[in-house]
Amino acid sequence: MDFAFTPEHDELRQTVRRFLDKESSETAVRAVMESDRGYDERTWTRMAEEMALPGLSVPEEYGGAGLGPIERAIVMEEMGRVLFCGPYLSTAVVAADTLLLAGDDDARGRLLPEIASGRALVTLALGEEGGAWEPADVRLEAHRDGASHRLEGTKEFVVDGHVADVLLVAARMDAGVALFEVDAGARGLERTLLPTLDLTRKLARIRFSGTSGRRIGSADAAPQLAMVLARALAALAAEQAGGAERCLEMATDYARTRLQFGRAIGSFQAIKHKCADMLVEVEFARSAAYYAAFRAADEDAQELASASHMAKAYCSEAFFHAAADNIQIHGGMGFTWEHPAHLYFKRARASSVLFGDPVYHRERLAARIGV
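Residues numbered from 1 in each chain as written. Predicted model: local features only at pLDDT ≥ 70, side-chain atom pairs only at ≥ 80, totals over all residues. Heavy atoms only, no water.

1. Considerations on the confidence of the model for the chain
Threshold: Predictor confidence is given residue by residue as pLDDT, running from a minimum of 0 to a maximum of 100. Runs of H or I in DSSP of at least four residues are treated as helices and runs of E of at least two as strands, each being numbered from the N terminus.
Counting all residues, the mean pLDDT for the chain is 94, and 99% of those residues have values of 70 or more. Confidence scores differ between elements of the chain, with strand 8 (residues 259-260) showing the lowest mean pLDDT of 84 and strand 1 (residues 122-125) the highest of 98.

2. Brief notes about the packing of aromatic side chains
Each aromatic ring pair is described using two quantities: the centre-to-centre distance and the angle formed by the ring planes. For the record, the criterion: Two rings belonging to Phe, Tyr or Trp (six-membered ring only in the last case) form a pair when the distance between their centres is within 6.5 Å. Interplanar angles under 30 degrees mark stacking, angles over 60 mark edge-to-face geometry, and anything in between is tilted. For every residue, the accessible area (1.4 Å probe, protein chains only) is compared with the maximum for its type, and the residue is labelled buried under 20%, exposed over 50%, or partly exposed between those bounds.
Taken as a whole and judged by the stated rule, the model has five aromatic pairs. Centre to centre, the rings of F284 and Y314 are 6.3 Å apart; their planes meet at 65 degrees, and the pair counts as edge-to-face. Of this pair, F284 sits in helix 8 (residues 269-298) while Y314 sits in helix 9 (residues 301-330), and the two are 30 residues apart along the sequence. Between F320 and F345, the ring centres sit 5.2 Å apart and the planes meet at 40 degrees, which makes this aromatic pair tilted. Pair noted here: F320 is in helix 9 and F345 is in helix 10 (residues 341-353), with a separation of 25 residues, a long-range link. Look at F320 and you get partly exposed, because its relative accessible area is 27%. Judged by its relative accessible area of 27%, F345 is partly exposed. Within the aromatic cluster, the residues linked to one another by ring pairs are W133, F157 and F355.

3. With respect to the pattern of salt bridges
Where we set the bar: For salt bridges, the criterion is a side-chain nitrogen of Lys or Arg within 4 Å of an Asp or Glu carboxyl oxygen.
Enumeration over the complete set of coordinates arrives at 36 salt bridges. Note that E78 is salt-bridged to R17, the shortest N-O span being 2.7 Å. Taken as a pair, E78 in helix 4 (residues 69-82) and R17 in helix 1 (residues 7-23) lie far apart in primary sequence, 61 residues in all. The salt bridge partner of E50 is R46, with a shortest N-O separation of 2.8 Å. Taken as a pair, E50 and R46 lie in helix 3 (residues 41-51) at a separation of four residues, close to a single helical turn. Residue class for R46 comes out partly exposed when judged on its relative accessible area of 24%.

4. A word on the side chain of S352
Applicable threshold: Residue contacts are defined here by distance: any two heavy atoms, one from each residue, within 4.5 Å place the two residues in contact.
For S352, the location among the structural elements is in helix 10. Judged by its relative accessible area of 5%, S352 is buried. Aside from chain neighbours lying at most four places away, what touches S352 is Q240, K312, S316, D357 and P358.

5. Some words on the environment of R30
Quick reminder of the rule: Under this definition, polar contacts are N or O atom pairs within 3.5 Å; protein pairs additionally need one hydrogen-donor-capable and one acceptor-capable atom, and for neighbouring residues in sequence, both atoms have to be side-chain atoms.
For R30, the location among the structural elements is in helix 2 (residues 26-33). Given a relative accessible area of 15%, R30 falls into the buried group. Sequence-wise, R30 and A219 are 189 residues apart; in three dimensions their C-alpha atoms are separated by 44 Å. Not counting residues within four places of it along the chain, the set of residues in contact with R30 comprises W337, E338, H339, P340, H342 and L343. At 3.1 Å, the side chain of R30 forms a polar contact with the backbone oxygen of E338.

Written out as structure tokens, the structure reads:
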């Protein structure tokens, strides 16, 4: 498989990096993460109108750019480098893929143009109590009520669920798992912003009490949701690889300039070894993330599932190790609130358990390959 990037890929990366360096500086991240909404509306609008990033993987017929998982991985990697605070993962990645795979032309025609233009925030409510993310684990119930359905139950850890305009909800029926579209203003819907370690990504608990939902698609949605989750893992792994790479840069820059006993600390063997280990993990993380992205582009469901489990497990640990070592290399300064190292550490820890922790994904991968 050819992992080489094209000149167009390189230009996309540089363009996105220039934009994010201005719009997602440390100052901007700190300001936004302390707000309840968790994102800056002006930045999101500019991202849609000037960069067309929310519609990056939305087909052109729905107002998007029609690009694929590789381009999306590049964008996610750059967002991970700066701890971008915004509903990109939830709306432009997970929700867009859910709509594309659900097989409902009406829902696509109504919601995808809104996503691509940045006018609507849409998220998938899949996870449930105990960190259950697989379609087989869905327990929230849907009951037919005339021409519509009523939803009963709770969804946990819904990314940007507190600000989403539309919720795509996975619910269980007699025939299996189905998808439902729920408006944010629907009766019987209660949204609670959860207290989290990582303030740069907001999660919500959503309670449904006889809430009306419109069914999306007609067949069992479990296979489509499994594919959505695999693509989400690939995108999140790319974001983690970007965060790990930035931690490596911060650590090595500091090691070259911080002097002790008249020498740069980077000349000490212990620091050299730590930086070298970080470099190896970062490079492997990027390889794992882009392997999953290329498999998503191939649309090989079986290979993508294995590649995404592997990428999520490895990139989670690589990011966490890089963030922790970055703090260690910075010494006492790295533990302070004023230094950004702790922001990366918290994002790394929270991302490692989002959609399942490394142990879970290794177990899933082992089961797939018969180990």
